[in-house]
Amino acid sequence: MEYSPVLALATALFEVGVAVWALRGPGDRSIVRTTAAILFLLAGYQVVEVAVCANVGAPGVLPRLAFLDVTWLPPLGLVLVAQLHRPRSRTFHVAGRAMLAAALGIAAWIALDRSFATASVCSAVYARYTHVMPRFVVYAGFYWVGLFGMVLFSGLGARTSTDPHRRRLLAQVLFGTVGFVVPAVITSWFVPTASGALPSIMCHFALILAAFLTRMIALERRQAGGEESAAPAHEPA
């Protein structure tokens, strides 16, 4: 089936729109900025995939750029979870920084290794990439450790955080992460035409994560608005 860019472009527009909306509103700036960065990266993958599939016979560096883009998603997810947790967790912050350091090394590898990823097939709404094995196993391990960390730490935070508002925000990250990873894996395993296209399928299902992050920002805005209205007004001099 011929590749259609409509879903990818619509998803990218939604993710960019939410990121801009988040940056322009109230809320904890560290949370807002990290969330916006995740949304911009999700949108970036969609745009790159459209460019890859527009000329799959000679995509150049675009397949590597696609993986370079999504490399930063699990580390930033862990950073977001660490920023959300109250009280501040040293373990969560160390995990986020460690993943960021690992992502920097992975990114350098992708940039230098011209054989890291090449486009092979674009079908319907997803792309399938070819990788040199077993080196790609290292990247896959890094990625799954990051995703598992997002699920584990956001789940722990949603149960143990002392701030009820932050628990609700962490729950959005948990539901969004599980909500896109599980159906992406099921689709890759049980839909014959989707076999081998898990990276692309995950990025399309990540629209679910984007939706939960949108709700998270909306909750943070509501909280910030409530705190502002509850603040005592200054008496005139």
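Residues numbered from 1 in each chain as written. Predicted model: local features only at pLDDT ≥ 70, side-chain atom pairs only at ≥ 80, totals over all residues. Heavy atoms only, no water.

Observations regarding unusual backbone geometry
So the rule is basically this: A helix here means a DSSP run of H or I that spans at least four residues, while a strand means a run of E at least two residues long, and both kinds are numbered starting from the N terminus.
Omega for the bond connecting Arg86 with Pro87 falls within 30 degrees of zero, at 0°, which places this linkage in the cis form. Checked against the element boundaries, Pro87 lands in the loop between helix 4 (73-84) and helix 5 (90-112).

Things to note about the nonpolar core
For the record, the criterion: Nine residue types can take part in a nonpolar core, namely buried Ala, Val, Leu, Ile, Met, Phe, Trp, Tyr and Cys, and a core is a set of them joined through side-chain atoms within 4.5 Å. Accessibility here uses a 1.4 Å probe with only protein chains present; expressed as a share of the type maximum, an area under 20% marks a residue as buried, one over 50% as exposed, and anything in between as partly exposed.
With 67 residues, the main nonpolar core has Tyr139 and Met216 as its most contacted residues. The biggest single contributor to this core is helix 2 (residues 29-54), with 12 residues.

As for the state of the cysteines
Counted only if it meets this: The term disulfide is used for any two cysteine sulfur atoms that are within 2.5 Å.
Summed over all chains, the structure comprises one disulfide. Bridging Cys53 to Cys122, the disulfide has an S-S length of 2.0 Å. Residues Cys53 and Cys122 are joined by a disulfide whose S-S torsion is about -80°; by sign, that bridge is left-handed. Taken as a pair, Cys53 in helix 2 and Cys122 in strand 1 (residues 118-123) lie far apart in primary sequence, 69 residues in all. The same class applies to Cys53 and to Cys122, which are both buried. Free of any disulfide, Cys203 has its nearest neighbouring cysteine sulfur in Cys53, separated by 12 Å.

Points about the packing of aromatic side chains
What counts here: A pair of aromatic rings is counted whenever rings of Phe, Tyr or Trp (Trp by its six-membered ring) have centres within 6.5 Å, and the orientation is called stacked for planes under 30 degrees apart, edge-to-face for over 60 and tilted otherwise.
Taken as a whole and assessed by the stated rule, the structure comprises 12 aromatic pairs. With a centroid separation of 5.4 Å and 75° between ring planes, the pair formed by Phe116 and Tyr139 is classed as edge-to-face. Of this pair, Phe116 sits in the loop between helix 5 and strand 1 while Tyr139 sits in helix 6 (residues 135-160); the two residues are 23 residues apart in sequence, bridging distant segments of the chain. A residue is classified by how much of its surface remains accessible, and Tyr139, at 3% relative accessible area, is buried. What links up through ring pairs into an aromatic cluster is the set Phe67, Trp109, Phe116, Tyr129, Phe136, Tyr139, Phe142 and Tyr143.

Examining the pattern of salt bridges
For side chains of opposite charge, pairing can occur when their charged atoms come near one another. The condition is simple: Take a side-chain nitrogen of Lys or Arg and a carboxyl oxygen of Asp or Glu: if they are within 4 Å of each other, that pair is a salt bridge.
Taken as a whole, this structure holds one salt bridge when the rule is applied. Across the pair Asp28 and Arg166 runs a salt bridge, and its minimum N-O distance is 3.4 Å. Linking Asp28 in the loop between helix 1 (6-23) and helix 2 with Arg166 in helix 7 (residues 164-190), this pair joins segments that are 138 residues apart in sequence. Judged by relative accessible area, Asp28 falls into the partly exposed class, the value being 23%.

Focus: the packing of helix 3 (residues 62-71) against helix 5
Put simply, the rule reads: Axis geometry follows a simple rule: fit a line to the C-alpha atoms, using only the stretch in contact for helices, then measure angles between N-to-C directions, giving values from 0 to 180 degrees. Small angles under 35 degrees read as roughly parallel and large ones over 145 as roughly antiparallel, with 65 to 115 read as roughly perpendicular and the rest as oblique. The contact rule is simple, with two residues in contact once any of their heavy atoms fall within 4.5 Å. Each residue receives one of three labels: charged for Asp, Glu, Lys and Arg, nonpolar for Ala, Val, Leu, Ile, Met, Phe, Trp, Tyr, Cys and Pro, and polar for the others, Gly being one of them.
The contact between helix 3 and helix 5 brings their axes to 10 Å, and the two run at 175°. What the angle tells us is that helix 3 and helix 5 run roughly antiparallel. On helix 5, the residues that touch Arg64, Phe67, Leu68 and Thr71 of helix 3 are Ala103, Ile106, Ala107, Ile110, Ala111 and Leu112. Counted by class, the contact of helix 3 with helix 5 contains eight nonpolar, one polar and one charged residues.

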